[in-house]
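Chain by chain, the residues run as shown.
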Amino acid sequence: DTAVSQTPKYLVTQMGNDKSIKCEQNLGHDTMYWYKQDSKKFLKIMFSYNNKELIINETVPNRFSPKSPDKAHLNLHINSLELGDSAVYFCASSHLGQGASRETQYFGPGTRLLVL
Amino acid sequence: GNSVTQMEGPVTLSEEAFLTINCTYTATGYPSLFWYVQYPGEGLQLLLKATKADDKGSNKGFEATYRKETTSFHLEKGSVQVSDSAVYFCALSDQSNTGKLIFGQGTTLQVKP
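Every value quoted in this text rests on a predicted model; they were computed, and no experiment measured them.

Right, let's talk about the state of the cysteines for a bit. Inspection of every chain in the model, using the stated rule, returns 2 disulfides over all chains. The partner cysteine of Cys23 of chain A in its disulfide is Cys91 of chain A, sulfur to sulfur 1.9 Å. The S-S bond linking Cys23 of chain A to Cys91 of chain A shows a torsion near -80°; that makes this disulfide left-handed. Of this pair, Cys23 of chain A sits in strand 3 (residues 19-25) while Cys91 of chain A sits in strand 9 (residues 87-94), placing them 68 residues apart in sequence. Judged by its relative accessible area of 2%, Cys23 of chain A is buried. In this model, Cys23 of chain B is linked to Cys90 of chain B through a disulfide, with the two sulfur atoms separated by 1.9 Å. On the sign convention where negative is left-handed, the bridge of Cys23 of chain B and Cys90 of chain B, at about -70° about the S-S bond, is left-handed. Taken as a pair, Cys23 of chain B in strand 4 (residues 23-26) and Cys90 of chain B in strand 10 (residues 86-93) lie far apart in primary sequence, 67 residues in all. We note that Cys23 of chain B, like Cys90 of chain B, is buried.

Below, the structure is given as structure tokens:
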């Protein structure tokens, strides 16, 4: 009955590879997010989808491509992985209603990516 | 642009000590303010929030008051426990209606028995 789940939990891969991280939420939310947490614990928004439409696209290399097949899923595909991509990637979801700024975001457990 | 600044950690306290973690923000308009907590090896979870000036958010003995005049949202707890050891993030959500959260750099709290 996990609210926001991510797979895999750990991902170790070589530079230059392509990898995907998957996220699913069963909270009935209409909006999902990807955040990146660096080695100093700093968290930054990368992307957000509302009802399968991209609404936030921060300055992220175009090697990162999000895909939302439906409201409950948001995947992140990363091409040509680089050492600097090593981080923890968190998925989150919320309901984007009239008072979007007031809504709580629910986070997944994170995917720890290590690029060698 | 919008930003959040937290006091640097780590903060090390003995059990039952008083906790304050400072948080100040820069934003246009009237953002909502949040404290999230990250326990070791886990994702973030909401600790408390306040959506307008002078609101006080509280949960599990923690509280924070939205002070527009000082653009602050300091986190306090009267008596910390070892189980409170975690990383605490202050965050704001602006009025862009995207739900975008802007986080502070996080403050690590270590509570010793």
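Quick look at the pattern of salt bridges now. Considering all chains together, one arrives at 7 salt bridges over all chains under this definition. As a salt-bridge pair, Glu58 of chain A and Lys100 of chain B come within 3.1 Å of each other at their nearest N and O atoms. Taken together, the residues span two chains, with Glu58 of chain A in the loop between strand 6 (53-57) and strand 7 (64-70) and Lys100 of chain B in the loop between strand 10 and strand 11 (101-103). The residue Arg63 of chain A makes a salt bridge to Asp85 of chain A at a minimum N-O spacing of 2.8 Å. Within this pair, whereas Arg63 of chain A is found in the loop between strand 6 and strand 7, its partner Asp85 of chain A is found in the loop between strand 8 (73-78) and strand 9, the two being separated by 22 residues in sequence. Accessibility expressed as a relative area gives 14% for Arg63 of chain A, which makes it buried. A network of salt bridges, in which partner residues are shared, links Lys44 and Glu58 of chain A together with Lys100 of chain B.

Residues and elements named next belong to chain A. Structurally, Gln6 can be placed in strand 1 (residues 4-7). We classify Gln6 as buried; its relative accessible area is 7%. Here the side chain of Gln6 touches Gly110 through a polar contact of 3.0 Å, landing on its backbone nitrogen. One polar contact links Gln6 to Thr111, side chain to side chain, over a distance of 3.1 Å. Discounting chain neighbours no more than four positions away, the residues touching Gln6 are Ile21, Lys22, Cys23, Trp34, Tyr89, Phe90, Cys91, Gly108, Pro109, Gly110 and Thr111.

With that out of the way, let us pick up the interface of chain A and chain B. Contacts between chain A and chain B engage 27 residues on the former and 23 residues on the latter. Taking both sides of the interface into account, the surface hidden between chain A and chain B amounts to around 1,900 Å²; carbon and sulfur atoms contribute 54%. On inspection of chain A and its partner chain B, the count reaches 1 salt bridge. Where chain A meets chain B, there are 7 residue pairs in polar contact (both at pLDDT 80 or more). Those elements giving two or more residues to the side of chain A that touches chain B turn out to be strand 4 (31-37), strand 5 (43-50) and strand 6 of chain A. Considering only residue class, the side of chain A that touches chain B consists of 12 nonpolar, 8 polar and 7 charged.

Reading guide: rules and limits
Residues numbered from 1 in each chain as written. Chains lettered and ligands numbered in written order. Predicted model: local features only at pLDDT ≥ 70, side-chain atom pairs only at ≥ 80, totals over all residues. Heavy atoms only, no water. Disulfide = S-S within 2.5 Å. Helix = DSSP H or I, 4+ residues; strand = E, 2+ residues; numbered from the N terminus. Buried < 20%, exposed > 50% of the residue type's maximum accessible area, 1.4 Å probe, protein only. Salt bridge = Lys/Arg side-chain N within 4 Å of Asp/Glu carboxyl O. Polar contact = N/O pair within 3.5 Å; in protein donor to acceptor, adjacent residues only side chain to side chain. Contact = heavy atoms within 4.5 Å. Buried area = accessible area lost by both parts, 1.4 Å probe. Nonpolar A, V, L, I, M, F, W, Y, C, P; charged D, E, K, R; others polar.

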